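# Structural overview
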Amino acid sequence: MKRPLLIATALLAAGLGIIGAAWSQSVVDMRALAALSDAELMKLPAKKLFSSFTTPAASMKSRPIGFYAKGCQAGAVALPIDGPAWQVIRLSRNRNWGQPVLVDVIERLATEAKAKDGWNGLLVADMSMPRGGPMPSGHASHQIGLDADIWFKPMPDRRMTAKERENIKPEVVAPTRHGLDKSLWTEAHARLLKRTASYPEVERIFVNPPIKAELCKWATGDRSWLAKVRPYFNHNYHFHIRLRCPAGANNCKPQPSVRPADGTGCGKELAYWMGNGPWKSEKKPPEKKPPKPVKPPPPLTLASLPAECRAVVTAE
Ligand SMILES: [Zn+2]
């Protein structure tokens, strides 16, 4: 896109005493951003900076840069908000961006699951922001265009309005730490997760522990795909797909493949997640002394992201 990208002055004011008067106009454009010195750029607050972009770094070759929870993305593409078997929800967030491989996997999953698994279609929630980077809310990861959240609620038969997509209520299939809501959970949910895990591009899938437990009970035959399904907090109404670093993406920092000792993670690992261990921090003992006031950490700046993200920020 050739039009200069507008970025609110608030962004700069928030992180930059140093620029001051130079940024007192109501908006700045990409040229103004490009005119900043390296030192000035590096001090920009990363969350605000990256969430201000409405377009991808389209002039750069597509690539994920850095780690899932610390990076950015070049050459991102948008998942169309409507497809033959998916709809993007919460459009106001503008988080339906990812690396081409992620868009490809979601489209393939949507159409195959509809054709073969009895899954009506995907409700696609957060992927990444147009240039990736840390989000102002909601996630630590999703920064490099290789993560996507898919809801456990099947897509309705009709095309939803923008307002409906904004206000849609999730279906919490795992309302407690120990069990599923059997009025919501269906075998099609299990088939959908199995299909997702079957794609070689998919490295991990995060779900709440009782969902993994259900899959371990359900799966027959070759159960090796279960290894990719990882019990984790906060995934009771959606699952999270994480792709491995694509071949040739040299600045993508890989995460080791999942290799549970029992081949599936249905044994010890699941038992740990179904126990109290991981959840202990939920019940904090009462404080005896009032806690000392802690200085909030300084906001994450562009300098804390991989060096290549500097080019992503200034690219047209
Ligand atoms: Zn997620």
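Higher on the page you've got the structure.
Right, let's walk through the structure included here.

Conventions and cut-offs
- Residue numbers restart at each chain and count upward from 1, following the sequence in its written direction.
- At least 70 in pLDDT is required for a residue's local features to be given in this predicted model, at least 80 for side-chain atom pairs to be given and counted, and no such filter applies to totals for whole chains, interfaces and linings, which use all residues.
- Starting at the N terminus, helices and strands are each numbered in turn, a helix being any DSSP run of H or I of at least four residues and a strand any DSSP run of E of at least two.
- Between the buried cut of 20 or more and the exposed cut of 12 or fewer other C-beta atoms within 10 Å of a residue's own C-beta lies the partly exposed class, and all C-beta atoms are placed from the backbone.
- Residue pairs are scored as contacts if the distance between their C-beta atoms, which are placed from the backbone, is within 7 Å.
- Note on terminology: a nonpolar core is a set of buried residues of type Ala, Val, Leu, Ile, Met, Phe, Trp, Tyr or Cys, with members joined through C-beta atoms within 7 Å.
- For helices, the fitted axis covers only the stretch in contact; all axes are lines through C-alpha atoms, and the angles between them, taken along N-to-C directions, range from 0 to 180 degrees.
- With respect to orientation, any angle under 35 degrees is reported as roughly parallel, any angle over 145 as roughly antiparallel, any angle of 65 to 115 as roughly perpendicular, and every other angle as oblique.
- With the far helix as reference, a near helix turned anticlockwise by less than a right angle produces a left-handed crossing, and one turned clockwise produces a right-handed crossing.
- Classes in brief: Ala, Val, Leu, Ile, Met, Phe, Trp, Tyr, Cys and Pro nonpolar; Asp, Glu, Lys and Arg charged; the others, Gly included, polar.
- The span one expects for a helix is its residue count, reduced by one, times 1.5 Å.
- Only strands that DSSP links by at least two bridges are regarded as paired with each other.
- The definition of a right-handed crossover adopted here requires that, viewed with the strands pointing away, the path from the first strand over the helix to the second runs clockwise.

### Quick look at the overall build of the protein chain
A tally of helices and strands in the protein chain yields ten helices and 13 strands. For the protein chain, buried positions account for 39% of its 316 residues. Considering only residue pairs separated by 6 or more positions, the protein chain has 75% of its internal contacts joining residues 24 or more positions apart.

### Describing the nonpolar core
Residues L102, I106, L122, V124, I205 and F239 are the most contacted members of the largest nonpolar core, which totals 68 residues. For L122, the contacting residues outside a window of four places in its chain are A85, W86, I106, L109, A110, I150 and M155.

### Thoughts on the packing of helix 5 (residues 100–116) against helix 7 (residues 187–198)
Taken N-terminus to C-terminus, the directions of helix 5 and helix 7 make an angle of 140°; their axes are 10 Å apart at the nearest point. When the interaxial angle is binned, helix 5 and helix 7 end up oblique. The two elements helix 5 and helix 7 cross, and the hand of that crossing is right-handed. Contact with helix 5, carried on its side by L109, E112 and A113, involves L192, R195 and T196 of helix 7 and no other residues of that element. Grouping the amino acids of the contact of helix 5 with helix 7 by side-chain chemistry returns three nonpolar, one polar and two charged.

### Re helix 7
The terminal C-alpha atoms of helix 7, which comprises twelve residues, lie 17 Å apart, in line with the 16 Å expected from a rise of 1.5 Å per residue. Buried within helix 7 are the following residues: H189, L192, L193, K194, T196 and A197. The inward-facing, buried residues of helix 7 abut helix 5, strand 11 (202–207), helix 8 (209–218), strand 12 (229–231) and strand 13 (238–243).

### Thoughts on the pairing of strand 10 (residues 147–151)
The buried count for strand 10 comes to four of five residues, which makes it a mostly enclosed element. The pairing of strand 10 with strand 13 spans five bridges and is antiparallel. Note on strand 13: the bridge partner recorded for D149 is H240.

### A closer look at the pairing of strand 11
Judged by how many residues are buried, strand 11 sits mostly within the fold: six of six residues are covered. Relative to strand 13, strand 11 is paired through four bridges, and the arrangement is antiparallel. The residue of strand 13 that forms the bridge with F206 is H240. Examined bridge by bridge, strand 11 and strand 12 share three bridges and lie parallel to one another. The residue bridging V207 from the neighbouring strand is P231, located in strand 12. In the classification by handedness, the crossover that spans strand 11, the intervening helix 8 and the parallel strand 12 is right-handed.

### A short note on the environment of W86
Position of W86 among the secondary structure elements: in strand 7 (residues 86–88). The class of W86 is buried, set by 23 C-beta atoms lying within 10 Å. As for W86 and K114, which are separated by 28 residues in sequence, their C-alpha atoms are 9.4 Å apart.

### Notes on helix 5
Between the first and last C-alpha of helix 5 there are 24 Å, a value that for 17 residues agrees with the 24 Å anticipated at 1.5 Å per step. Looking one or two places after helix 5, you find G118, whose phi comes out positive at around 70°.

### Quick word on unusual backbone geometry
Leave glycine aside and you will find that most residues have negative phi; peptide bonds, for their part, are mostly trans. Even without being glycine, H142 reaches a positive phi, approximately 65°. Its place among the elements puts H142 in the loop between strand 9 (122–124) and strand 10. One non-glycine residue with positive phi stands out, namely N234, at about 65°. Tracing the sequence through the fold places N234 in the loop between strand 12 and strand 13. Accessibility expressed as a C-beta count within 10 Å gives 10 for N234, which makes it exposed.

### Section: the environment of L193
Relative to the helices and strands, L193 resides in helix 7. Sequence separation between L193 and K228 is 35 residues; the distance between their C-alpha atoms is 10.0 Å. Once you skip the residues sitting within four places of it in the chain, L193 turns out to touch I205, L215, V229 and F239.

### Some thoughts on the environment of P246
Tracing the chain through its elements places P246 in the loop between strand 13 and helix 9 (268–274). In this structure, P246 is in contact with Q99 and V101, ignoring residues within four places of it in sequence.

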